[in-house]
Amino acid sequence: MKPKMIWANLAVANLERTQKFYTELGFKPNNPHSSNELVSFFVGENDFVIHFFLKNVIETNVKVEFCDPQTTNEIIFTLSAESINQADRWAEEIVKAGGTLVSPPESFGESYYGFVFADPDGHKFNVFHM
């Protein structure tokens, strides 16, 4: 099997809140794929696509129930920071945009630094510098 592409589909409760949060963090909108049922963004230098669907829409379309990301983890994406200072700035931007720091920026292991945050719907992201 050799797929042409891979992207993520996540369930959210409020498209406007999701659009605002990720736009404030500087994620690039994937506007041709946004609608009244989903908002979509490109992430990283390779333009990985993440679609954020209204929960009831994606559950109906794929015929599976999505977990509540406030209480469980469906997946944790890792975003690479180029420096400790950049990771710290991102933590500030995330809080300002309405996200929650799950763990504060800190050093761990040998020469690793990072933190975990949740978007307003509870989707988790790990920011990592090594």
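Above: the structure in question.
What counts and how
Residues numbered from 1 in each chain as written. Predicted model: local features only at pLDDT ≥ 70, side-chain atom pairs only at ≥ 80, totals over all residues. Heavy atoms only, no water. Core = buried A, V, L, I, M, F, W, Y, C linked by side-chain atoms within 4.5 Å. Buried < 20%, exposed > 50% of the residue type's maximum accessible area, 1.4 Å probe, protein only. Contact = heavy atoms within 4.5 Å. Pairing = 2+ DSSP bridges. Helix = DSSP H or I, 4+ residues; strand = E, 2+ residues; numbered from the N terminus. Axes fitted to C-alpha atoms, helices over the stretch in contact; angles between N-to-C directions. Expected span 1.5 Å × (residues − 1). Arc of directions from axis to C-beta. Salt bridge = Lys/Arg side-chain N within 4 Å of Asp/Glu carboxyl O.

Undergrad: For the nonpolar core, give the residues involved together with the corresponding values.
TA: Core analysis: the biggest nonpolar cluster contains 32 residues, and Ile50, Phe52 and Phe117 have the highest contact counts within it. Discounting residues that sit within four places of it in the chain, Phe52 has contacts with Leu10, Val12, Leu15, Thr18, Tyr22, Glu37, Leu38, Val39, Phe41 and Asp119.

Undergrad: Let's hear about the sheet that holds strand 8 (residues 124–129): which residues, and what values?
TA: The strands that make up a sheet are held in pairs by hydrogen bonds between backbone atoms, and each pair lies either parallel or antiparallel. Spatially, the 4 strands line up as an open sheet ordered 5-8-7-6, and their pairing is mixed. What marks the edges here is a single partner per strand, and that holds for strand 5 (76–80) and strand 6 (100–108). Here the average twist between neighbouring strands, direction ignored, is 20 degrees. Pairing analysis gives 6 bridges linking strand 7 (residues 112–118) to strand 8, with the strands arranged antiparallel. The residue of strand 8 that forms the bridge with Gly114 is Phe128.

Undergrad: How would you explain the pairing of strand 6 if you had to name every residue and give the values?
TA: Alignment of strand 6 against strand 7, held across 6 bridges, turns out to be antiparallel. Residue pairing across strands places Thr100 opposite Ala118, the latter belonging to strand 7. Where strand 6 folds back on strand 7, the antiparallel hairpin that results is connected by 3 residues, among which Gly109 adopts a positive phi of roughly 60 degrees.

Undergrad: Tell me about helix 3 (residues 84–97), residues and numbers included.
TA: Taking 1.5 Å of rise per residue, the 14 residues of helix 3 would be expected to cover 20 Å, and the 20 Å separating its terminal C-alpha atoms lies within 8% of that figure. The complete set of buried residues in helix 3 reads Gln86, Ala87, Ala91, Ile94 and Ala97. Taken end-on, helix 3 shows its buried residues confined to a sector of 145 degrees, consistent with a single buried face. For helix 3, the exposed residues set more than 90 degrees away from the buried face come down to Asn85, Glu92 and Lys96. Where the residues of helix 3 are buried, they touch helix 1 (15–24), strand 6, strand 7 and strand 8. Phi for Gly98, located one or two positions after helix 3, is positive at around 110 degrees.

Undergrad: Hey, could you go over the pattern of salt bridges for me, with residue numbers and the actual values?
TA: Scanning all chains against the criterion turns up 4 salt bridges. Ionic pairing is found between Lys20 and Glu24, a salt bridge with its closest N-O pair at 2.4 Å. Here Lys20 and its partner Glu24 are both found in helix 1, 4 residues apart, which amounts to about one turn of the helix. Of the residues examined, Glu24 reaches a relative accessible area of 40% and is grouped as partly exposed. For Lys28, the salt bridge goes to Asp47, with nearest N and O atoms at 3.6 Å. In this pair, Lys28 sits in strand 2 (residues 28–29) while Asp47 sits in the loop between strand 3 (38–43) and strand 4 (48–54), placing the two residues 19 residues apart along the sequence. By relative accessible area, which is 45% here, Lys28 ends up partly exposed.

In short, shape yes, function no, at least from these values alone.
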